[in-house]
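Each chain is listed here by its residues.
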Amino acid sequence: MPQLAFQQVTRLREPDWPEGPVPQQLHLDMSVGSPAELWDQHERVLALGGSLLSDRDRPDPDDAERFRVYRDPEGHPFCIFVAERDE
């Protein structure tokens, strides 16, 4: 079973990724099973204080991958991908 461990620090500089001298310290990719679930999670991220950085909800002709990039309230980026499952 996958597990995550976190280490608490007293102060962490907010990353200014992708531009600036403070890089991202962590990047999580999560997936949902459908575009409808992506929308539900989008609303949840915003309600919890996150912000949208990039929207690839509609795939371009060269890349069928659907995802959105967000920034958490502390400035750390993360992605939510649509990984549609075959039934």
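Before any of the text, the structure's been laid out above.
Residues numbered from 1 in each chain as written. Predicted model: local features only at pLDDT ≥ 70, side-chain atom pairs only at ≥ 80, totals over all residues. Heavy atoms only, no water.

Along the protein, the regular secondary structure elements total 1 helix and 4 strands. Ordering the α and β elements of the protein from the N terminus gives β-α-β-β-β. The buried share among the 87 residues of the protein stands at 26%. Restricting to contacts in the protein with at least 6 residues of sequence separation, those with at least 24 account for 47%. About 6900 Å² of surface is accessible on the protein, with carbon and sulfur atoms providing 49% of the total. (Helix = DSSP H or I, 4+ residues; strand = E, 2+ residues; numbered from the N terminus. Buried < 20%, exposed > 50% of the residue type's maximum accessible area, 1.4 Å probe, protein only. Contact = heavy atoms within 4.5 Å. Areas by Shrake-Rupley, 256 points an atom, 1.4 Å probe, with all protein chains shown as cover.)

Let's shift gears to the sheet that holds strand S1 (residues 28–32). One open sheet accounts for 4 strands, arranged S1-S4-S3-S2; its pairing is mixed. Unpaired on one side and paired on the other, S1 and strand S2 (51–56) mark the two borders of the sheet. On average, adjacent strands in this sheet sit at an angle of 20° to one another, irrespective of strand direction. Note that S2 and strand S3 (residues 67–71) share 5 bridges and pair antiparallel. If you follow aspartate 55 over to S3, its bridge partner there is arginine 68. Helix H1 (residues 35–47) rests against S1, S2, S3 and strand S4 (77–82) of the sheet, and its axis sits at about 155° to S4. (Pairing = 2+ DSSP bridges. Axes fitted to C-alpha atoms, helices over the stretch in contact; angles between N-to-C directions.)

A few words now on the nonpolar core. Residues Val32, Leu38, Val45, Tyr70, Phe78, Ile80 and Val82 constitute the largest nonpolar core, which totals 7 residues. Put simply, the parts of the chain that give this core at least two residues each are H1 and S4. Looking at this core element by element, the count peaks at 3 residues for S4. Residues within four places of valine 82 in sequence aside, it is in contact with Val32, Gly33, Ser34, Pro35, Leu38 and Arg66. (Core = buried A, V, L, I, M, F, W, Y, C linked by side-chain atoms within 4.5 Å.)

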